[in-house]
Amino acid sequence: MSEHSLVTQGLELMVFGMGVVFVFLAMLVVVTTLMSKLVNKIAPEAELVAAPVRAKPQQGVDPQLLKVLSAAVKEHRARQK
């Protein structure tokens, strides 16, 4: 076989393979789209109603909690040294 013939056969095989992959992917997109439409038609999603957001009353930091947190941070830093 000549080198030209091998290159031609290789290109033909490449084009055939790429064509098969392209057709398969196109069919996959079509089938997936149809399945999605079918599922939405059979069992549509229930509409979600957003719950109203309640504003939390502004509260200051509890002084006792602040002391405990400060002591914990100091203890942690002392152990790290």
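The structure under discussion appears in the preceding block.
What you are looking at is a predicted structure, and each value in this text was computed from that prediction instead of being measured.

Chemist: Any chance you could explain the overall build of the protein here in plain terms?
Modeler: Secondary structure assignment for the protein yields two helices and zero strands. Computed over the C-alpha atoms, the radius of gyration of the protein is 34 Å, more than 25% above the 12 Å expected from 2.2 N^0.38 for a compact globule of 81 residues. For the protein, the spread of C-alpha atoms along the principal axes amounts to about 90 × 50 × 15 Å. Of all 81 residues assigned to the protein, the portion counted as buried reaches 0%. Counting 9 positive and 6 negative side-chain charges, the protein places the averaged centre of each group 24 Å from the other.

Chemist: Hey, could you run me through the pattern of salt bridges in this one?
Modeler: Here the structure, examined in full by the defined rule, presents one salt bridge. Taking the shortest distance from any N to any O, the salt bridge between Arg79 and Glu75 comes out at 3.3 Å. With Arg79 and Glu75 both in helix 2 (residues 63-80) and four residues apart, the pair spans about one turn of that helix. Judged by its relative accessible area of 42%, Glu75 falls in the partly exposed class.

Chemist: Looking at this model, I keep getting lost on a nonpolar patch on the surface. Mind explaining?
Modeler: Taken together, the side chains of Val7, Leu11, Met14, Val15 and Met18 present a nonpolar region at the surface, about 490 Å² in accessible area. Along the chain, the position of Leu11 falls in helix 1 (residues 3-42).

Rules used in this analysis
Residues numbered from 1 in each chain as written. Predicted model: local features only at pLDDT ≥ 70, side-chain atom pairs only at ≥ 80, totals over all residues. Heavy atoms only, no water. Helix = DSSP H or I, 4+ residues; strand = E, 2+ residues; numbered from the N terminus. Rg over C-alpha atoms; globule rule 2.2 N^0.38 Å. Buried < 20%, exposed > 50% of the residue type's maximum accessible area, 1.4 Å probe, protein only. Lys, Arg positive; Asp, Glu negative; His and termini not counted. Charge placed at Lys NZ, Arg CZ, Asp CG, Glu CD. Salt bridge = Lys/Arg side-chain N within 4 Å of Asp/Glu carboxyl O. Patch = residues over 30% accessible without salt bridge, like charges linked within 9 Å, V, L, I, M, F, W, Y side chains within 5 Å. Areas by Shrake-Rupley, 256 points an atom, 1.4 Å probe, with all protein chains shown as cover.

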